[in-house]
Amino acid sequence: MTVDDDAGVSRAVARDLRRRYGEQHRIVRAESGDAALDALREMRLRGDEVAVIVADYRMPGMNGIEFLERAMDLYPAARRVLLTAYADTGAAIDAINVVDLDHYLLKPWDPPEEKLYPVLDELLSKWREEERRPVHVTKVVGHRWSARSSEVREFLARNQIAYRWFESEAPDGQRLMQAAGADGLRLPVVITPDGDALVEPTDAELASCVGLATTPSKDFYDLIVIGGGPAGLGAAVYGASEGLRTVLVERTATGGQAGQSSRIENYLGFPDGVSGAQLTERARRQATKFGAELLTTRDVVGLDVNGSARTVRFADGGTIDAHTVILATGVSYRQLGAPGLGEMTGRGVYYGSTLTEAAACLGQDIYIVGGANSAGQAAVFLSRHARSVTILCRGVSLERSMSYYLIQQIRQIGNISVRTCTEVIAAEGSDHLENLTLRDTSTGATETVGAQWLFLFIGAAPLTDWLDGVVDRDARGFVVAGPDLSVDGDRPRGWELDRAPYHLETSVPGVFVAGDARAESAKRVASAVGEGAMAVMLVHRYLEKL
Ligand SMILES: Cc1cc2nc3c(=O)[nH]c(=O)nc-3n(C[C@H](O)[C@H](O)[C@H](O)COP(=O)(O)OP(=O)(O)OC[C@H]3O[C@@H](n4cnc5c(N)ncnc54)[C@H](O)[C@@H]3O)c2cc1C
């Protein structure tokens, strides 16, 4: 794909590209960022792949860096090249950070044999070496208000699997179901790129049909990382890059909570923010590049100590062993117990998941429950699609729970309003959410409002019951590590080594914890990644003395 607002230059780039690569690749040319994005969207829906994007820097409306940034959301694996005049090399160097630029080319690129082709040859060969998803796109036929349809879409989106959505009642959806021999009573129907139809598939069935690994290749590893959020991915990258035989096991999709974030603004090195999906895709690529195995849809339900081996048990009864384990299981959203919310979950009521549903909220009124950053980010993101967004928060103000920059952003967006001292006490609807009952906590007054969409961000809890009796946890279930394990200078109960636990080591030697699952952790992407890296350093120290 090449984009340049100067038609002459655009034609010249396309001509040179076609001359060398035309036999093996299709060269698509656009004369503005918007037109190029439209073309990329269409290609994405068709299931086409994009190898390299060459964008001119100086374009009216949207410059080359802004364009590449948006193109990354559609094709994160495409290699990115910026075409600049000599005077703009400063901007190109800046772009290396913003859009993870692979190369910048100075105009003119004549002769192409010397200045253009060697660069593109290298980028194309790197692109070819990478494991990529199947070319044809997965199709999902479902009902907008079917809870499982919505979970399947979320699963595919979080695993960055391109899919096309078809309403089961629309003619296209009907035709596909007919072709698949499905009666429509059980939804969704997922049609794989190879044309196989899966009716109401489980996550594990989906994972294997879209090419995600679910089974380990070995019985024994140096390191098992449990959880594929920032801490787990960080640990997998460092573990594998430092030569440890590393496997990461994730219950649903890699990315964790961060993968659900529309824009992470405070992660070092991304001054313009980065979406959770982009960060996850890059981390996955990085971990795989270094040789880490990433298993998805495998729920870990047990940890046993067998001499020097640590055994991890899966929900389906399978096990794997390793010298060491890093627990990076993070936290999950708490559920709100108000009457009616349970029945409406997935039918207008969603915990945390805003990205997949956003397009369906177009022009509608949305309610968000929560007063922390995650609620604020969701409000900012959804305000671009919705008619109005109302943040419901129990506290008297957002100031105590939300970052200052987000509060400022929210104040400047006209269609977001904030209702403090307000809680949801009931929800109702038939097929999908229709009404919410709200209570003013300062006066006790209640009010019923019409609502089709409710997103809840009401804090999170670690789901670590499966570690009970094995690893010490605090009263809320967070895993205790390092110095926090010593009570009055004593070693933890059952600790037999003649050294104290290392910093991120749990009450079981060789089992470490990183990220949000750790008691007293910072609950930030950067600290989770940092702890993942630090835990690997301590794994080395442990292995040296094994
Ligand atoms: C919407 C949202 C926006 C956010 N925005 C920001 C931000 O802008 N800046 C910032 O610094 N922080 C932000 N955060 C917080 C940040 O995302 C978390 O601190 C970070 O993701 C923690 O990483 P983690 O790897 O420790 O855990 P998690 O991200 O929670 O990942 C844990 C993973 O472990 C898996 N898992 C759990 N149990 C098991 C099991 N038994 N078996 C297998 N897998 C298991 C889960 O499925 C999950 O994928 C945000 C959070 C949310 C929800």
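In short, a report on the structure. Values in this document were obtained by computation on a predicted structure and should not be read as measured data. (Residues numbered from 1 in each chain as written. Predicted model: local features only at pLDDT ≥ 70, side-chain atom pairs only at ≥ 80, totals over all residues. Heavy atoms only, no water.)

**Brief notes about the packing of helix α10 (residues 230-241) against helix α11 (residues 276-289)**
Applied cut-off: Note on geometry: axes are C-alpha line fits, over the in-contact stretch for helices, and angles between N-to-C directions span 0 to 180 degrees. Numbering of helices and strands starts at the N terminus; helices are DSSP runs of H or I of at least 4 residues and strands are runs of E of at least 2. Our angle categories are set so that under 35 degrees counts as roughly parallel, over 145 as roughly antiparallel, 65 to 115 as roughly perpendicular, and the remainder as oblique. The hand of a helix crossing depends on one turn: near helix anticlockwise from the far one by less than a right angle means left-handed, and clockwise means right-handed. The contact rule is simple, with two residues in contact once any of their heavy atoms fall within 4.5 Å. By the convention adopted, Pro, Cys, Tyr, Trp, Phe, Met, Ile, Leu, Val and Ala count as nonpolar, Lys, Arg, Asp and Glu as charged, and the other residues, Gly among them, as polar.
The geometry of α10 relative to α11 is characterised by a closest axis approach of 9 Å and an angle of 25° between their N-to-C directions. Regarding the angle of α10 to α11, the classification is roughly parallel. Two packed elements cross with a definite hand, and for α10 against α11 that hand is left-handed. Packed against α10, whose contacting residues are Leu233, Ala236, Val237 and Ala240, the element α11 presents Thr280, Ala283, Arg284, Gln286 and Ala287 at the interface. Residues that form the contact of α10 with α11 fall into these classes: six nonpolar, two polar and one charged.

**Focus on the pattern of salt bridges**
Heads up, the rule is: Between Lys or Arg on one side and Asp or Glu on the other, a salt bridge is scored when a side-chain nitrogen of the former is within 4 Å of a carboxyl oxygen of the latter. Each residue gets one of three labels from its accessible area relative to the maximum for its type: buried under 20%, exposed over 50%, partly exposed in between, using a 1.4 Å probe on protein chains only.
According to the stated counting rule, one finds 31 salt bridges in the structure shown. With its nearest N and O atoms 3.1 Å apart, the salt bridge here joins glutamate 200 to arginine 186. One end of the pair, glutamate 200, is in the loop between β9 (197-199) and α9 (203-209); the other, arginine 186, is in the loop between α8 (171-180) and β8 (189-191), and 14 residues separate them in sequence. For glutamate 200, a relative accessible area of 34% puts it in the partly exposed group. The class for arginine 186 is partly exposed, based on a relative accessible area of 47%. Here aspartate 472 and arginine 493 are joined by a salt bridge, their closest N and O atoms 3.9 Å apart. One end of the pair, aspartate 472, is in the loop between β25 (460-461) and β26 (511-513); the other, arginine 493, is in the loop between β25 and β26, with 21 residues separating them in the sequence.

**Details of α10**
Defined as follows: Expected span, for any helix, means 1.5 Å times one less than how many residues it has.
With 12 residues, α10 should reach 16 Å at 1.5 Å per residue; the first-to-last C-alpha distance of 16 Å fits that figure. Tucked into the core, α10 has its buried residues touching β10 (220-226), β11 (246-249), α11, β15 (319-327) and α15 (525-544). Two residues or fewer after α10 comes glycine 243, characterised by a positive phi angle close to 90°.

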